[in-house]
Amino acid sequence: MPPYHSGAAPRAGRQMISGRSAVDYPWLEEYRTCGIPVTLEPYPDEPSHFFVQRAARQFPRMGCVQLGLEISYAEIDALSDSLALALGGLGVEKGDRVATMLPTSVQFVLADTAISKAGAAHVPCSFLESPVNLGRKFEESAPGALIVLAEHLPLAERLRELVAGGNVIVTDLHDFSAGKCRRGHPGGAMRLLDLIERSGRGAPRVDIDPARDLETLLFTGGTTGVAKGCMLTHRNVVANAIQNPVVFGPSGNLFRGNMSVMMGNPFFHSYGHSIFHTMAQMCFTLLLLPDPRDYRSMLAMVREYHPVLQAGVPVQFRNLLAEDTRRARVIGISGSAPLQPGTQDRFEERGAGVVTEGYGLSELTAVSHFNVSTLIRLMGGRKMLKLLNA
């Protein structure tokens, strides 16, 4: 028999998971402490862009902040409609792939949402990779278009022959900033803002089956060999985004559409991609940091917008300790690598807040585990938390 299986028939009132009694799973005691349900089924039968559309309807004042610009979910929803139409005009059809080489940015949020609306699958890539590795990914995915920052256009040109129709779309971070938009000549590429302006309004009509149609083709395994694409459906992405915030228990619903979160982790990485959808699902305002190593800008945004949460990687939380973090006071969510115990302790000692961590795999749509011990301590211990969730 498998571990923790009693062999007895489930008693009346016990919930069943995959044919096994819920009492067999040892972690469910922590679920009860934190007020986490055994299952969240049924999940909504929706594509991933549903999150941005819902946020635009329910919380029109929430959105994203980038380089001093505040842009609402309603604006992102409308712009992504136009971009989805533009992609269709370039020949992108349902089931095709669209690659991006973008940092954490409004452009990434916009592209991901538009690609979903167009019925295509997003292939997020890192501009830090070698042309050889990127070439392999493009050969495997055969993208119908590539969206890239202007500063990485030379790299995109080396990959153009692997993009259907040579459809390279270029953008500048300052296209979405409080400063003046830079409208330089993009060479042989198309400019993102021009495509949006020319395409008109209204989203394309695409019939998406969330359980079967791909939302993203996320390449992983590159540290142990040639990267392979994980085929993640809309159902995978939507379910994971709904599961993640449940670790905060019933009280987490109080935050929906009512706070901001510091996003310093790369969205092209599986962890960042998952957390982006999670925070959009919660209708939070996303404080976007394109350069994950710009710690002073990170802290400046924290001091101005007072986010409750900060998503990042262990090295970011460690390096933040070299700055003045006394007024930060965030709940840090660390992922993608083990968090050093010393970093967690020093973060609290410096008055910067607390840091907890999660774990996951790209094949599981990123997040699969979360350490709730820090949250239990933050809420006053197990007895207090059970009382709050009663």
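Residues numbered from 1 in each chain as written. Predicted model: local features only at pLDDT ≥ 70, side-chain atom pairs only at ≥ 80, totals over all residues. Heavy atoms only, no water.

Student: Explain the overall build of the protein here, please?
Tutor: Across its full length, the protein carries 14 helices and 17 strands. Relative to its length of 390 residues, the protein is compact, with a C-alpha radius of gyration of 21 Å against a globular reference of 21 Å. Within the protein, the proportion of its 390 residues that are buried is 52%. If you take every contact in the protein between residues at least 6 apart in sequence, the share linking residues at least 24 apart comes to 63%. Looking at charge distribution, the protein has the averaged site of its 38 positive side-chain charges lying 5 Å from that of its 37 negative ones. (Helix = DSSP H or I, 4+ residues; strand = E, 2+ residues; numbered from the N terminus. Rg over C-alpha atoms; globule rule 2.2 N^0.38 Å. Buried < 20%, exposed > 50% of the residue type's maximum accessible area, 1.4 Å probe, protein only. Contact = heavy atoms within 4.5 Å. Lys, Arg positive; Asp, Glu negative; His and termini not counted. Charge placed at Lys NZ, Arg CZ, Asp CG, Glu CD.)

Student: Even after reading the chapter, I still don't get helix α10 (residues 295–305), so can you show me in this structure?
Tutor: Each turn of an α-helix holds 3.6 residues, which means side chains three or four residues apart point in the same direction. Residues Tyr-295, Met-298, Leu-299, Met-301 and Val-302 constitute the buried set of α10. For α10, the buried positions fall inside an angular range of 160° around the axis, keeping them on one side. Opposite the packed face of α10, turned more than 90 degrees from it, sit the exposed residues Arg-296 and Glu-304. With its phi angle positive at about 50°, His-306 sits one or two positions after the end of α10. (Arc of directions from axis to C-beta.)

Student: I keep staring at the confidence of the model for the protein and nothing clicks. Help me out?
Tutor: Regions with low pLDDT carry predicted coordinates that are not meant to be interpreted in detail. When pLDDT is averaged along the protein, the result is 87, and 91% of the positions lie at 70 or above. Between residues 1–14, whose pLDDT stays under 50, and residues either more than four places distant or in other chains, the model counts 14 contacts. (pLDDT = per-residue confidence, 0-100.)

Student: Quick question: what am I supposed to make of the pairing of strand β12 (residues 260–263) here?
Tutor: Taken residue by residue, a regular strand's side chains alternate between the two faces of the sheet. Neither face of β12 is left uncovered, since the one carrying Ser-260 and Met-262 and the one carrying Val-261 and Met-263 both have all their residues buried. When β12 meets strand β13 (residues 285–288), the two strands line up parallel, connected through four bridges. Looking at β13, one finds that Val-261 is bridged to Leu-286. Note on the crossover from β12 through helix α9 (residues 270–281) to β13: the handedness is right-handed. Here β12 runs beside strand β14 (residues 309–312); their pairing, made up of three bridges, is parallel. Bridge pairing in β14 links Val-261 to Leu-309. (Pairing = 2+ DSSP bridges. Right-handed = clockwise from strand over helix to strand, strands pointing away.)

Student: Looking at this structure, I do not really get the pairing of strand β16 (residues 353–361). What am I missing?
Tutor: Sheet analysis places strand β15 (residues 330–334) next to β16, joined by five bridges and oriented parallel. Residue pairing for β16: Ser-334 is matched across the bridge by Glu-357. Relative to strand β17 (residues 366–370), β16 runs antiparallel, the two being bridged by four bridges. Pairing of Leu-361 across the sheet is with Ala-366, part of β17.

Student: Explanation requested: the environment of Leu-339 in the structure shown.
Tutor: With respect to the secondary-structure elements, Leu-339 resides in the loop between β15 and α12 (341–349). On a C-alpha basis, the gap between Leu-339 and Asp-112 in space is 29 Å, while along the polypeptide they are 227 residues apart. Aside from chain neighbours lying at most four places away, what touches Leu-339 is Pro-314, Ser-334, Gln-344, Val-355, Thr-356 and Glu-357.

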